[in-house]
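Structure assessment
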Amino acid sequence: LGLIGRSWAMVFMSGGYRVKVYDNKPGQAARAIQDVRKQLEELQEAHMLRGDLSASEQLALLSSHDDLPQALEGAFFVQECVFEEVEAKQGVFQAVESLVGEDVILSSSTSCLLPSNVFARVQNRKRCIISHPVNPPYYVRLVELVPHPEMLPGVMDITFALMTSVGQAPVRLKKEIDGFALNRLQYAIIAESWRLVQDGVISVRDIDLVMSEGLGMRYAFIGPMETMHLNAPEGLEDYLKRYREGMRRVLTTFGPVPEFSGEAAERINKEMCEMIPPDHQNLSAKRERRDQLLMGLANLKK
């Protein structure tokens, strides 16, 4: 049971739901609970614990299982969190479907695999949906809900209500698309950032500052559409009149999709490693600080 699985468990527990975790490797689920216990106690001590229940009350809702039928007994919602490999996910859902009733919702955490592929071996695909979290899910509350083409509308409504009830911020995609919404936006930013560094326009350090001290500050509170709406005296239509041609001109200068390999990758990796040495202790400290800032930002937005 990896980071995403443990994080989902913590999110659902924070909302007061009873959670059963399962891993096909004996003992792995039990070890995950020990890690969750440590995290919840640390969060409580730091006054960053989510939900109205104490750490001990939340932990009382959690159980580990090495037996899949036992883990699925009484479930109304199944959240899959195996590694990002379509055949592995297909196998999981094929096994799960044979053990649950037809009204149990089957949900995958995949970050970009299409639901029509993930659920290809499921017979009743009317209850299948993607619930894609943002890493780390406990601190970043967005969840992308992506329907299977055969999914019933009520499944989206139930999943949306569930995610809202546990404090997440769900968004509904109306149909499946490669990469969903978040990764399509993220990859566009990564690609142009990469091109600007690769072409010698800006350094790795400074392109990250463009985001963290510029766009990121704004986009932490409002999205691109609202930004346009607020950045012209008379709203979005006025913004387009003023900047439409400039946007189109700049967009035509964007280069091809980068290879993300070769000399450019070596140079960018070298510069990044000089900024943040990639040893375990250093990276762990950076991730911990990131999580603290994300939780602080989430609380500020509330």
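Definitions and cut-offs
Residues numbered from 1 in each chain as written. Predicted model: local features only at pLDDT ≥ 70, side-chain atom pairs only at ≥ 80, totals over all residues. Heavy atoms only, no water. UniProt positions renumbered as here; feature names shortened; annotations may be inferred. Axes fitted to C-alpha atoms, helices over the stretch in contact; angles between N-to-C directions. Helix = DSSP H or I, 4+ residues; strand = E, 2+ residues; numbered from the N terminus. Parallel < 35°, antiparallel > 145°, perpendicular 65-115°, else oblique. Left-handed = near helix turned anticlockwise from the far one by under 90°. Contact = heavy atoms within 4.5 Å. Nonpolar A, V, L, I, M, F, W, Y, C, P; charged D, E, K, R; others polar. Buried < 20%, exposed > 50% of the residue type's maximum accessible area, 1.4 Å probe, protein only. Pairing = 2+ DSSP bridges.

Going by the annotation in an unreviewed UniProt entry, the name recorded for the protein chain is L-gulonate 3-dehydrogenase, with Esox lucius given as the source organism. One UniProt comment on the protein chain, placed under Subunit (unreviewed entry), says "Homodimer." UniProt's Sequence similarities (unreviewed entry) comment on the protein chain is quoted here verbatim: "Belongs to the 3-hydroxyacyl-CoA dehydrogenase family."

1. Quick word on the packing of helix H1 (residues 3-14) against helix H2 (residues 28-45)
In contact at an axis separation of 10 Å, H1 and H2 are set at 55° when each is read in the N-to-C sense. Relative to H2, the element H1 lies oblique. Both H1 and H2 take part in a crossing whose hand is right-handed. Judged by residue contacts, Arg6, Met10 and Met13 of H1 engage Ala32, Asp35, Val36, Gln39, Leu40 and Leu43 from H2. Across the contact of H1 with H2, the residue classes break down as six nonpolar, one polar and two charged.

2. A short note on the pairing of strand S1 (residues 19-22)
By the alternation rule, side chains of S1 split into Val19 and Val21, which are all buried, and Lys20 and Tyr22, of which none is buried. Alignment of S1 against strand S2 (residues 62-65), held across four bridges, turns out to be parallel. When the sheet's bridge partners are listed, Lys20 is paired in S2 with Ser63.

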